[in-house]
Amino acid sequence: MKTTRRSLIYGLGGALASATMLGKSAHAVEGDLVKTQASEPFKLKGLALTLGTLGVYHPDNFKDIAHAPARDRSLITVTDLETGAFRQQILDMPDGHHAMRLGSSNRIVCIAHHNKLCMVLSSDLEVIQVMTAPDGYVYGGHGYADEKKGIFILPARMHRAQKAEDHGILEIYDFTTLKKLDQLPSGGIHPHEIRLLPNGKEIVITHYGEISRSLQPKTYPYYFNIMQPQLIVYDAETLKPLRHYIQEDLNAILTHMDVDKNGNVFAVSNQYVPFSKGGAKGALSAIQKLQELTGAEYDYELDPAAREERRVAVPLPLLRINPQTGEVKKYLISNRDNRRSQSVAYQPQAEKVFATFTYSNTVVTVDKNDKSEAVDCFRYGITACRGVDAVPGTPYMLISDTYRGVALVDANTMELIRLYDVPVYRSPHVHFDLHMDTA
């Protein structure tokens, strides 16, 4: 039975508010960022999906705020890359993290992070189904669709992990009916991103390896309390864990990743020194503590995203992990460039890996010759880069801002092709989709 926007249940009560916005157009700026949208549509079929966490601040939400609870909501945005038109829908689901199309169907899965709810939408952004995490668990990652096997996987973590045995779970859903079929242990703390290896026989999942910070004394300087961040390799058929690669020297959560054509996993991690109180003095104290802990001089800007989140990022490398042997190579361009990683994506035509670093507003790339570099995303009209995804069949990449803008970049030349000036409401990721019917 289809769930309408007005009948959607949030927890035990409440209703989804807002109407789908149709026909709005992002300013699709080209080249030097001063040209207006071309008179002829840009010849690139496809959609950019973003899922922002700040849907509560969307104008449509203000229409209902007088008679609806003021609770967190997410916002799905679907941008047409050819015309620049975009549609948006407020979702009565907090902490939206990643949106992706479910296989070749016209359904979008919206996945929450550190929250109990996930949603499946139709192509017109109506809610079809709501998933609720089991007692003691919350969702925390990215989905994985195996249309051939007829299943969809959602990862969830234990709500309050306190020891190495507090593993997450993998929920298995029927691809067509969306009924839950099974629930399997993930074998690690907080499973997050799932990818299929080129051999087609194995999948890999990153695990945060984060337990409760309350177990540490109040003087503990770091934001995350780390225990066994790891990459786990599974049998793709049975989902049985085959190999565990714990990153023992990584005092950070292992988060996002992608896989190149040779089967190498490129992954990123995060750790911070927080300054929850004290304003500028608190920030200075955190910077001094970071310098004391790492021995590295902090002589660069504490950018707006860091100030908003009130934490200083430990500079950390992009990792290349061999999923057959566990061998690791690190790519640290500089302490200035590798701050607060977010998304990772592989461009198969250009054979280049992209990883975004939000606090430094850089994208770190590694090409097929193993050459690495960092590029300032300000050149693309992006001020706090977050999402990145490849456009298959082209040399293009999508790079999304935290708040406003999605850039289309040539992976070979690293030049801007087009900038879509669309508000994305603090979206952590961007997902390219080619086939979804938008009529």
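Here the structure is a predicted model, which means the values were calculated and not measured.

## Examining the nonpolar core
1) Next: Core analysis: the biggest nonpolar cluster contains 37 residues, and Val 204, Leu 231, Val 265, Tyr 298, Leu 302 and Val 312 have the highest contact counts within it.
2) Next: Looking at this core, the elements that each hand over two or more residues are β19 (230-235), β21 (253-259), β22 (265-270), β23 (272-274), α2 (279-294), α3 (304-309), β24 (311-313) and β25 (318-321).
3) Next: Excluding its chain neighbours within four sequence positions, the residues that come into contact with Val 204 are Glu 193, Ile 194, Arg 195, Leu 197, Leu 231, Ile 232, Val 233, Met 257, Val 259, Val 265 and Pro 323.
4) Next: Listed in part, the 19 residues of the second largest apolar core include Phe 354, Cys 385, Ala 390 and Leu 416.

## Things to note about the pairing of strand β30 (residues 372-376)
1) Next: In the sheet, strand β29 (residues 362-366) pairs with β30 via five bridges, with the strands oriented antiparallel. By the bridge assignment, Thr 362 is partnered in β30 with Asp 376.
2) Next: Adjacent in sequence and paired antiparallel, β29 and β30 are bridged by five residues, among which Asp 370 carries a positive phi angle near 70°.

## Description of α2
1) Next: Look at α2: 22 Å from first C-alpha to last across 16 residues, which is about the 22 Å you get at 1.5 Å a residue.
2) Next: Residues of α2 that are buried include every one of Gly 282, Ala 283, Ala 286, Ile 287 and Leu 290, and no others. In an axial view of α2, the angular spread of the buried residues amounts to 140°, which keeps them on one side of the axis. Away from its buried face by more than 90 degrees, α2 exposes Lys 281 and Glu 292.

## Points about the confidence of the model for the protein
1) Next: Mean pLDDT over the protein stands at 89; residues scoring 70 or higher make up 88%.
2) Next: Residue range residues 1-23 is modelled with pLDDT below 50. Its contacts to residues more than four positions away, or to other chains, number 64 contacts.
3) Next: In this model, residues 31-40 is a region of pLDDT below 50 whose contacts with residues beyond four sequence positions or in other chains number 18 contacts.

## Things to note about the environment of Ala 112
1) Next: Note that Ala 112 resides in strand β7 (residues 107-115).
2) Next: Separated by 18 residues in sequence, Ala 112 and Pro 94 place their C-alpha atoms 6.9 Å apart.
3) Next: Beyond its immediate stretch of four places on either side in the chain, Ala 112 contacts Met 93, Pro 94, Asp 95, Gly 96, His 97, Leu 117, Cys 118, Tyr 139, Gly 140 and Gly 141.

## Observations concerning the environment of Asp 303
1) Next: Summarising the element assignment, Asp 303 is placed in the loop between α2 and α3.
2) Next: Overall, Asp 303 belongs to the buried group, its relative accessible area being 6%.
3) Next: Placed 81 residues apart in sequence, Asp 303 and Ala 384 show a C-alpha to C-alpha distance of 8.8 Å.
4) Next: Other than its neighbours up to four places away in sequence, Asp 303 contacts Thr 358 and Tyr 359.

## What to know about the packing of aromatic side chains
1) Next: Summed over the entire model, instances satisfying the criterion amount to seven aromatic pairs.
2) Next: Centroid distance Tyr 272 to Tyr 359: 6.1 Å. Interplanar angle 50°. Geometry classified as tilted. Of this pair, Tyr 272 sits in strand β23 while Tyr 359 sits in the loop between β28 (352-357) and β29, placing them 87 residues apart in sequence.
3) Next: For Tyr 272, a relative accessible area of 1% gives the class buried.
4) Next: With relative accessibility at 2%, the residue Tyr 359 sits in the buried group.
5) Next: Measuring from ring centre to ring centre gives 4.2 Å for Tyr 298 and Tyr 300, while their planes differ by 45°; the resulting arrangement is tilted. For the pair Tyr 298 and Tyr 300, a shared accessibility class is recorded, and that class is buried.
6) Next: An aromatic cluster is defined as three or more aromatic residues linked by ring pairs; in this entry it consists of Tyr 223, Phe 224, Tyr 272 and Tyr 359.
7) Next: Positioned over the ring face of Phe 175 is Arg 107, at 5.4 Å from the centre of the ring.

Rules used throughout
- Residues numbered from 1 in each chain as written.
- Predicted model: local features only at pLDDT ≥ 70, side-chain atom pairs only at ≥ 80, totals over all residues.
- Heavy atoms only, no water.
- Core = buried A, V, L, I, M, F, W, Y, C linked by side-chain atoms within 4.5 Å.
- Buried < 20%, exposed > 50% of the residue type's maximum accessible area, 1.4 Å probe, protein only.
- Helix = DSSP H or I, 4+ residues; strand = E, 2+ residues; numbered from the N terminus.
- Contact = heavy atoms within 4.5 Å.
- Pairing = 2+ DSSP bridges.
- Expected span 1.5 Å × (residues − 1).
- Arc of directions from axis to C-beta.
- pLDDT = per-residue confidence, 0-100.
- Phe/Tyr/Trp six-rings, centres within 6.5 Å; stacked < 30°, edge-to-face > 60°.
- Lys NZ or Arg CZ within 6 Å of the ring centre and 35° of its normal.

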